[in-house]
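Fold and contact review
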Amino acid sequence: MLLDQQDTHDLTAAQRDGIDAETRRVGGGAGMRRRVLLVGGSGYIGCPVAGALLAAGADVVNLDRLVYHHGSAMLALMAHPNYRFIAGDMGDADALGVALEGVTDVVILGGLVGDPITKAFPEEAGRVNDEAILACIDRLDGQGLNKVIFVSTCSNYGMIPDDAKADETFELSPLSLYAKSKVAAEQHLLGKSGSVDYAPTVLRFATAFGLAPRMRFDLTVNEFTRELAVGNELLVFDAHTWRPYCHVQDFARLIARVLSWPVAQVSGEVFNAGGDENNHTKQSIVDLILKRIPDGQVAYKENSSDPRNYRVDFAKVRDRLGFTPRVSVGDGVDEIIWAIGRHMLDDVPVRRNFYGNYALPGLA
């Protein structure tokens, strides 16, 4: 079982029994340790996931090309005896083969993440988010794996009416290269369901926020909070557009939950990853920050180049997996303000590319 004590306490008796049975199934009754390969495990979400799995008693292998030169984010993990880092490309069959040795489960986090970086580097995005990810997926069959989790995005829904919320059956309308690649990879993986020797699951992530070793300030909650906390004027585009948000630690909890859950209940399934309470407009996020920084200066502008507007329904992940986020957007704002106030993030101006997906020095 890879769940922490609080998550275990929140489960029903039937859910606990199902997880115990899953643990026995994977271990063959011998108590075998889970060994999880994180493809792209050094990033903003990957480091918290690795830390959570290690704390739960799993072995973690991280295969990462470090395209942002962000390897220092995982230095604390390197000291753990059950953590192994492999420098390599997920599209390289040899590197992936080494990383897969002894692995029970795979979580695919890797790729060029976000609309701006894929728009700025479309050729590189095609090689990574299309060619390499599909090659990685194709390599996984026949490895004796238990589960394969592909991390996708709620951006796949594009624009939806303000009076609607997108559940997992909602029509996908990807607007960016990034989202189009995610949709294609989802379809490629799920199309193999029933014909491969592992159980595939897709998690469509909300927009991440919160403190993490490879901190990113090119994401809405984090960016807005830092700009106002350091005294800059914040420029907000399309303030009334909706997006869902989820804390990086809650993403780690959800991945651990899917790995622990009875295979029949997650195989071939898609789950929106987040919680209804963290659907926000940009304006509501600004309002939360201004409650904490009342003298913050904000300017507004309409008609940006990013027209996405979507609220997301998280009933399935709540009802099927019993998952609800623990961390609110307001909590995330508080922890970032706290860290900035204690000079933990003073190097952001001189390490810009470490703190955001702006350029690709690792692909040069």
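Up top you'll find the structure we're talking about.
Remember, it's a predicted structure, so these values are computed and weren't measured experimentally. (Residues numbered from 1 in each chain as written. Predicted model: local features only at pLDDT ≥ 70, side-chain atom pairs only at ≥ 80, totals over all residues. Heavy atoms only, no water.)

Looking at the pattern of salt bridges
Let me state the cut-off plainly: When a carboxyl oxygen of Asp or Glu lies within 4 Å of a side-chain nitrogen of Lys or Arg, that pair is called a salt bridge. Strands are runs of DSSP state E lasting at least 2 residues, helices are runs of H or I lasting at least 4, and numbering of each runs from the N terminus. We call a residue buried when its accessible area falls under 20% of the maximum for its residue type, exposed when it is over 50%, and partly exposed in between, using a 1.4 Å probe and counting protein chains only.
The final tally for this structure, using the stated rule, is 22 salt bridges. The salt bridge partner of Arg326 is Asp4, with a shortest N-O separation of 2.9 Å. Here Asp4 lies in the segment before α1 (5–9) and Arg326 lies in the loop between α13 (315–321) and α14 (329–341), a separation of 322 residues in the sequence. A residue is classified by how much of its surface remains accessible, and Arg326, at 33% relative accessible area, is partly exposed. On the basis of relative accessible area, Asp4 is assigned to the partly exposed category, the value being 33%. We note a salt bridge from Arg320 to Glu269, for which the minimum N-O separation is 3.8 Å. Residue Arg320 is located in helix α13, and its partner Glu269 is located in strand β10 (residues 269–273); the two are separated by 51 residues in the primary sequence. We classify Arg320 as partly exposed; its relative accessible area is 43%. Through salt bridges with shared partners, one network takes in Asp4, Asp7, Asp250, Arg253, Arg257 and Arg326.

Things to note about helix α12 (residues 282–292)
Applied cut-off: The criterion used for residue contact is that any of the two residues' heavy atoms lie within 4.5 Å.
Looking only at α12, the buried set comprises Lys282, Gln283, Ile285, Val286, Leu288 and Ile289. Where α12 is buried, its residues touch α9 (220–229), β8 (234–237), β9 (242–247), β11 (279–281), β12 (298–301) and α14.

Some thoughts on the sheet that holds strand β7 (residues 207–209)
Defined as follows: Here, strands pair whenever DSSP counts at least two bridges between them. To define axes, lines are fitted to C-alpha atoms, for helices over the stretch in contact only, and angles between the resulting N-to-C directions are given on a 0 to 180 degree scale.
Ordered by their spatial adjacency, three strands build an open sheet running β7-β9-β11, and the pairing between neighbours is mixed. With partners counted over all chains shown, the strands left at the sheet margins are β7 and β11, one partner each. Taken over all neighbouring pairs, the strand axes of this sheet differ in orientation by 50 degrees on average, direction set aside. In this sheet, β11 lies alongside β9 in antiparallel orientation, the contact comprising three bridges. From the neighbouring strand, Pro244 faces β11, where its bridge partner is Asn279.

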